[in-house]
Amino acid sequence: QVQLVESGGGLVQAGESLRLSCAASGNIFRINTMGWYRQAPEKQRELVATLTTGGMTNYGDAVKGRFTISRDNAKRTEYLQMNSLKPDDTAVYYCYVDGSTSPWDRSRAYWGQGTQVTVSS
């Protein structure tokens, strides 16, 4: 099995920063794209950022210029540095990994349990 454990969420004031981490463990052979999504109450889950093994990034329009995704392949960990946080950033943040458990298996998405980020005005 593959587990993704997130950390770093919390309550901050507008303008402050947070850094989320997501560590993958278990029977994972290869990790491809890593990323973050978020879901606010009564809203659909939306893209925050993705990062491929080749270093290509993709950010949601709402976070461009404020958030930065990175990864440490040796640690199987991804990070989301969130600066200049706004109340609209309040949501549960989910990390995901596209990976496979063996050289023969097709890759699939694995999801973390989510971490709450709350930004007060």
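Residues numbered from 1 in each chain as written. Predicted model: local features only at pLDDT ≥ 70, side-chain atom pairs only at ≥ 80, totals over all residues. Heavy atoms only, no water.

*Asks:* What is the right way to read the pattern of salt bridges from this model?
*Replies:* Counted according to the given criterion, the structure contains 4 salt bridges. Here Glu46 and Arg38 are joined by a salt bridge, their closest N and O atoms 2.6 Å apart. For Arg38, a relative accessible area of 5% translates into the label buried. Among the salt bridges present, the one from Asp61 reaches Lys64, with a minimum N-O distance of 3.1 Å. One salt-bridge network, held together by shared partners, links Arg38, Glu46, Arg66 and Asp89. (Salt bridge = Lys/Arg side-chain N within 4 Å of Asp/Glu carboxyl O. Buried < 20%, exposed > 50% of the residue type's maximum accessible area, 1.4 Å probe, protein only.)

*Asks:* Can you walk me through the sheet that holds strand E3 (residues 18-26) in this structure?
*Replies:* Each strand in a sheet pairs with its neighbour through backbone hydrogen bonds, running either in the same direction (parallel) or in the opposite one (antiparallel). Taken together, the 4 strands give an open sheet; going across it, the order is E1-E3-E8-E7, and neighbouring strands pair in antiparallel fashion. Each edge of the open sheet carries a strand with a single partner, namely strand E1 (2-7) and strand E7 (67-72). Neighbouring strand axes in the sheet, compared pairwise and without regard to direction, differ in orientation by 15 degrees on average. Direction of pairing for E7 relative to strand E8 (residues 77-82): antiparallel, over a ladder of 6 bridges. Counted as the bridge partner of Asp72 is Thr77 from E8. (Pairing = 2+ DSSP bridges. Helix = DSSP H or I, 4+ residues; strand = E, 2+ residues; numbered from the N terminus. Axes fitted to C-alpha atoms, helices over the stretch in contact; angles between N-to-C directions.)

*Asks:* Which parts of the structure should I look at to understand the side chain of Ser21?
*Replies:* Considering the arrangement of structural elements, one finds Ser21 in strand E3. A residue is classified by how much of its surface remains accessible, and Ser21, at 19% relative accessible area, is buried. Once you skip the residues sitting within four places of it in the chain, Ser21 turns out to touch Val5, Glu6, Ser7, Trp36, Glu78 and Tyr79. (Contact = heavy atoms within 4.5 Å.)

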